Amino acid sequence: MFDPFYPFDWLSTQIVTNIFGLSIESSLGSSLHFFFYDVPKVLTLLVLISYAVGFLQSFLSPEKIRYYLEGKRTFAANILAAMLGAVTPFCSCSAVPLFIGFLEAGVPLGVTFSYLISAPMVDAIAIFLLWSLFGLQATLLYITFGVSLAIITGYAIGKLKLEKWVEPFVLKMRQNYDEQNRGTDSEAPVLTWKQRSQEAKYQAIEILKSVWIYVVIGIAIGAGIHGYAPTDLISQWAGRSNPFAVIIATFMGVPLYTNIAGVLPIAEALVSKGMPLGTVLSFTMAVTALSLPQMIILKRVLRPQLLAVFVGLTTIGIVGVGYLFNALLA
């Protein structure tokens, strides 16, 4: 069977065995093989997928997204917001400025939260990387659960009518936005195919420049886990025999910050050590949807009560997804 990544595997093996003089069966050799194989593989995928997504995304600007979501309060709007989040390749901290802009433009609070949850967790780049690492079945389940979590959490926040816990200056900016844009045309200029390609190339380069260090660090951590982490220890604390494993993994992910491309190599290593996939993906979701830097930025526009509701509902959803994922793949 043709393996498009065979050259990376061959090169990694040559580096470990011929340059370092190690066996890839040893702990250090196994870690180095993992690292030298995954770095070019993941970065190559990241660039190619970012370009493809950027090209498609040139048809869907942030202004258009905001235009589609303005003033909508139905459950269908939460679905639309979650789906739009899934096709915009933003990490949590880069999605937050859009979140603020949507609030200012009059997009309902619950609908905006559906976008905020979905954008960093279920973006198109993550989907293709996940597919390459864990296969189609796991990817489809992840998409289904991730988008569902974004829809349900955003809808619940909307039903609770928590706008009173948004900082007043945001509501003031919303009034200013309405006055400035009343009667204006929301249509963006039409781009040529060449301009779309240039925009996609620029986006791919910018994404690579902004996330490559997280990817390399994530792969380095994953390599250490792959070569040195005792399988028995991981099974004891995060295996199927521990009923609290999903909860532990979720809370472990919250203090960390990286994008989905950086955390997936760690997830790959944890799965190779025997951690159930649902437990690993709960960790992944927590890192991308509930990172501390994101909470710090959100604190600028949300009062602590609303922030607590968002974190609580999202955490409950992530834990539930982990347990359900493990049950379906048992």
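Residues numbered from 1 in each chain as written. Predicted model: local features only at pLDDT ≥ 70, side-chain atom pairs only at ≥ 80, totals over all residues. Heavy atoms only, no water.

**Concerning the overall build of the chain**
The secondary structure content of the chain amounts to 16 helices and 0 strands. Burial statistics for the chain: of 330 residues in total, 50% are counted as buried. Sequence-distant contacts, at least 24 apart, represent 83% of the contacts inside the chain between residues at least 6 apart. Surface exposure of the chain reaches about 15500 Å², of which carbon and sulfur atoms provide 68%. (Helix = DSSP H or I, 4+ residues; strand = E, 2+ residues; numbered from the N terminus. Buried < 20%, exposed > 50% of the residue type's maximum accessible area, 1.4 Å probe, protein only. Contact = heavy atoms within 4.5 Å. Areas by Shrake-Rupley, 256 points an atom, 1.4 Å probe, with all protein chains shown as cover.)

**What to know about helix H6 (residues 109–121)**
An α-helical turn contains 3.6 residues, so a residue and the one three or four places further along point in the same direction. In this model H6 runs 19 Å from its N-terminal to its C-terminal C-alpha over 13 residues, within 8% of the 18 Å that 1.5 Å per residue would give. Within H6, 13 of the 13 residues are buried, which leaves it mostly tucked inside the rest of the structure. (Expected span 1.5 Å × (residues − 1).)

**Concerning the packing of aromatic side chains**
Tallied over the full model, the rule gives 7 aromatic pairs. Both rings, one in Phe-145 and one in Phe-325, keep their centres 5.7 Å apart while their planes meet at 65°; by these two values the pair is edge-to-face. On the criterion of sequence distance, the pair formed by Phe-145 in helix H8 (residues 136–160) and Phe-325 in helix H16 (residues 304–328) is long-range, its members being 180 residues apart. When sorted by exposure, Phe-145 lands in the same class as Phe-325, which is buried. The structure contains a cluster of three or more aromatic residues connected by ring pairs, namely Phe-20, Phe-35 and Phe-36. Over the face of the ring belonging to Phe-5 we find Lys-41, whose NZ or CZ atom lies 5.0 Å from the ring centre. Across the ring face of Trp-165, the terminal group of Lys-164 is positioned such that the distance to the ring centre comes to 5.2 Å. (Phe/Tyr/Trp six-rings, centres within 6.5 Å; stacked < 30°, edge-to-face > 60°. Lys NZ or Arg CZ within 6 Å of the ring centre and 35° of its normal.)

**Structural notes on unusual backbone geometry**
Backbone geometry at Lys-161 places phi at a positive 50°, although glycine is not the residue there. Its location among the elements puts Lys-161 in the loop between H8 and helix H9 (168–181). What makes Lys-161 exposed here is its relative accessible area of 62%.

**Remarks on the confidence of the model for the chain**
On average, the chain scores 80 in pLDDT, and the residues at 70 or more come to 80%. Taken element by element, the chain is modelled with least confidence in H9, mean pLDDT 60, and with most confidence in helix H1 (residues 6–19), mean pLDDT 93. (pLDDT = per-residue confidence, 0-100.)

**Quick notes on the packing of H8 against helix H14 (residues 277–289)**
Following both chains from N to C, one finds H8 and H14 inclined at 50°, their axes separated by 12 Å at the closest point. The orientation of H8 relative to H14 falls into the category oblique. In terms of crossing hand, the pair formed by H8 and H14 is right-handed. Contacts between H8 and H14 pair Ala-138, Tyr-142 and Gly-146 from the former with Leu-277, Leu-281, Thr-284 and Met-285 from the latter. Within the contact of H8 with H14, the residues separate by chemical class into 5 nonpolar, 2 polar and no charged. (Axes fitted to C-alpha atoms, helices over the stretch in contact; angles between N-to-C directions. Parallel < 35°, antiparallel > 145°, perpendicular 65-115°, else oblique. Left-handed = near helix turned anticlockwise from the far one by under 90°. Nonpolar A, V, L, I, M, F, W, Y, C, P; charged D, E, K, R; others polar.)

**Notes on the pattern of salt bridges**
Opposite charge on two side chains permits them to pair, given that their charged atoms come into close proximity. A full pass over the atoms with the stated rule returns 1 salt bridge. A salt bridge links Glu-206 to Lys-209, with the shortest nitrogen-to-oxygen separation between them at 3.2 Å. Of this pair, Glu-206 and Lys-209 are both found in helix H10 (residues 193–228), 3 residues apart, which corresponds to roughly one turn of the helix. (Salt bridge = Lys/Arg side-chain N within 4 Å of Asp/Glu carboxyl O.)

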